[in-house]
Structures are given as structure tokens and as C-alpha cells.
Amino acid sequence: MSKTPVHIGLLISGRGSNLGAILKNQEAGAFSNARVAVVFSNNPGAPGLEIARQHGIPALSANPADFADKKLYENHIVALFRDHQVSLVALAGYMKIVGKTLLSAFPNRIVNIHPSLLPAFPGLNAANQAIEHGVKISGCTVHLVDDGVDTGPIIAQRAVPVLPGDNEETLSARILEREHEVYSETLKRLTEAKWEVRGRHLFFLSDLPEKISG
Ligand code: GRF
């Protein structure tokens, strides 16, 4: 009996390099229980949409300014995602704050990747924030999306060094290499392993020591 894979809906706004890495891994057979079913962008000119199309994935867009309010805009996304049987949403460079409508349609089922070791340096220009602050290590974080900005339960992180002479471009590029690995690894794990959310913590059940697994 073949199992229906988890359908992932990707939300993007721009370049789409994480999207490209995920689709490449998908084609290489990395996901045994998931597939990217649809890509949506708030920016009809996002280069990532073309990447999705080249991989044969439906790539849709709508400008939020064409909707009377955020609720109607997000309802549009929810309806499209329902059409594609999406049950896990992955933000990959989606530059809009996720609102109540999407959050309540996919409770604890929206993930994001952020280019810092959260909770340090949330929001925009994270690599620059890290350089300005003078940290020696930065990296990236995959986390569940809640109603804050980059505040939801952390799922996975990867560290990279911040080197003397780094600028936003060099540090972002070093972090991006790790993003391209950890995002697919995390989507794979989320769709193949058992996990649950307890408060701020997302636990993979197989990682729990016996005494707190009950
Ligand atoms: C990545 O650095 C990601 O962490 C952040 O936005 C950037 C998107 O890059 N959320 P891309 O569009 O995937 O190339």
C-alpha cells in the first residue's frame, strides 16, 4: 500500500535559492514522505517562481495590494494550498509577516528559515546585525512560525564562523550554504519522524530520553 506523501506548500518572495536546493534534493530522492506540491509568491516577479516552473512545480503569485485586507489575501493562499492538499507550509525568503488566517489554517505546521542563530538577530539584515554586533559565530535556524517575528519554537540550527573582514555578502553566502543543507534535512525529518510541540520546545520523539518521553 503506498502512502500519500505530505504535500508541502512553499512561500517565497524573491531569489529562491532555498527553494532550488529543496527541489534539487527532492529530485535526488531525499524525501521519502514529502513532496513540494505548490509554490506561491507575494511578488509576481520573484525569480524563484521561474525556478519552480523549471522543476515542473505549480508556481502561483498574487500581489497583497490587490486584496482589501490581509485576511482576504491569506484566505486566497489557504484556498490555493487546500486545492493542492498542502499540510505543511515552508517559508523560504517570504518577506511578509504571517498573519492569523494562515497561522490558524496551519497550526504548528508553518516553518521558516532565518539566517542567524535565533534568538539572536531576528528580523531583517540578520547577517549585518551579527557583523555589527561582533559575534564570532553565527548561522541559521529553522523554526516553527508563531505570531511573532522569528520567535517560534526552534527545530534545527547550524553554526558558521564569522571571520575577520567579513561583510554582509560574505557572511550571508557562508550561512546560505548551511541553509541549503539544513532546510531539506529538517523538512525530511518533520515529514518522516514523529514530533510534538510542548510550549517553546519541538521534540522529535526519538530524541527524548525515556523518562520525559511519556
Ligand atoms: C535566506 O537567507 C533565508 O534565510 C531568509 O531569506 C533568504 C532567502 O533566500 N529567510 P532565497 O530566496 O532562498 O535565496
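Structure: above.
Scoring rules and cut-offs
Residues numbered from 1 in each chain as written. Predicted model: local features only at pLDDT ≥ 70, side-chain atom pairs only at ≥ 80, totals over all residues. Heavy atoms only, no water. Pairing = 2+ DSSP bridges. Helix = DSSP H or I, 4+ residues; strand = E, 2+ residues; numbered from the N terminus. Axes fitted to C-alpha atoms, helices over the stretch in contact; angles between N-to-C directions. Contact = heavy atoms within 4.5 Å. Parallel < 35°, antiparallel > 145°, perpendicular 65-115°, else oblique. Left-handed = near helix turned anticlockwise from the far one by under 90°. Near = heavy atom within 4 Å. Polar contact = N/O pair within 3.5 Å; in protein donor to acceptor, adjacent residues only side chain to side chain. 1 Å grid on protein atoms, 1.4 Å probe; cavity = no way out; pocket = protein on both sides within 12 Å on 5 of 7 lines; lining within 4 Å. Sits in = over half its atoms within 2 Å of the grid points. Nonpolar A, V, L, I, M, F, W, Y, C, P; charged D, E, K, R; others polar. Core = buried A, V, L, I, M, F, W, Y, C linked by side-chain atoms within 4.5 Å. Buried < 20%, exposed > 50% of the residue type's maximum accessible area, 1.4 Å probe, protein only. Salt bridge = Lys/Arg side-chain N within 4 Å of Asp/Glu carboxyl O.

(A) The arrangement of the sheet that holds strand β4 (residues 86–91) in detail. The strand order across the open sheet formed by seven strands is β3-β2-β1-β4-β5-β6-β7, and the pairing between neighbours is mixed. Edge positions in the sheet fall to β3 (59–61) and β7 (154–161), since each has one partner strand and no second. Neighbour-to-neighbour, the strand axes of the sheet open up by a mean angle of 20°, direction not taken into account. Where strand β1 (residues 6–12) meets strand β2 (residues 34–41), seven bridges bridge the pair, whose relative direction is parallel. Looking across to β2, one finds that I12 is bridged to S41. Relative to β3, helix α2 (residues 47–54) is tilted by about 150°, and along the sheet it contacts β1, β2 and β3. Sheet contacts for helix α3 (residues 70–83): β1, β2, β3 and β4; angle to β2, the most-contacted strand, approximately 150°.

(B) Layout of the packing of helix α1 (residues 17–27) against helix α6 (residues 168–192). Running from amino to carboxyl end, α1 crosses α6 at an angle of 50°, the nearest separation of the two axes being 9 Å. When the axis of α1 is compared with that of α6, the two are oblique. Judged by the twist between their axes, the crossing of α1 over α6 is right-handed. Residue-level inspection shows S17, N18, A21, I22 and N25 of α1 in contact with α6, the latter providing L176, E179, H180, Y183, S184 and L187.

(C) Spatial organisation of the site of the ligand. In the region of the ligand, the neighbouring residues are R15, G16, S17, N18, G93, I113, H114, P115 and E179. The contact in question runs from an oxygen atom of the ligand to an N or O atom on the backbone of G16, over 2.8 Å. Interatomic distance of 2.5 Å between a side-chain N/O atom of S17 and an oxygen atom of the ligand. The cavity that encloses the ligand is the largest pocket. Elements with a contribution of two residues or more to the shell around the ligand: α1 and β5 (110–114). Per-class residue counts for the shell around the ligand are two nonpolar, five polar and two charged.

(D) Quick peek at the packing of α1 against α2. The interhelical angle for the contact between α1 and α2, taken along N-to-C directions, is 10°, at an axis separation of 9 Å. As far as their axial angle goes, α2 and α1 are roughly parallel. Touching L19, G20 and L23 of α1 are G48, I51 and A52, all from α2. For the contact of α1 with α2, a count of residues per class yields four nonpolar, two polar and no charged.

(E) How the structure looks around the nonpolar core. Membership of the largest hydrophobic core comes to 40 residues, with the highest contact counts inside it found for L10, V39, V111, I155, Y183 and L187. It is α6 that provides the largest number of residues to this core, a total of six residues. Residues in contact with L187, not counting those within four places in the same chain, are I8, I22, F31, L88, A90 and V111. F40, V98, I110 and V145 belong to the second largest nonpolar core, which has 20 residues in total.

(F) Quick peek at the pattern of salt bridges. With the rule as written, the count across this model stands at seven salt bridges. Two residues, E185 and R158, come together in a salt bridge whose shortest N-O distance is 2.6 Å. Placement of E185 in helix α6 and of R158 in strand β7 is noted, with a sequence separation of 27 residues between them. Looking at E185, the relative accessible area reads 41%, which means it is partly exposed.

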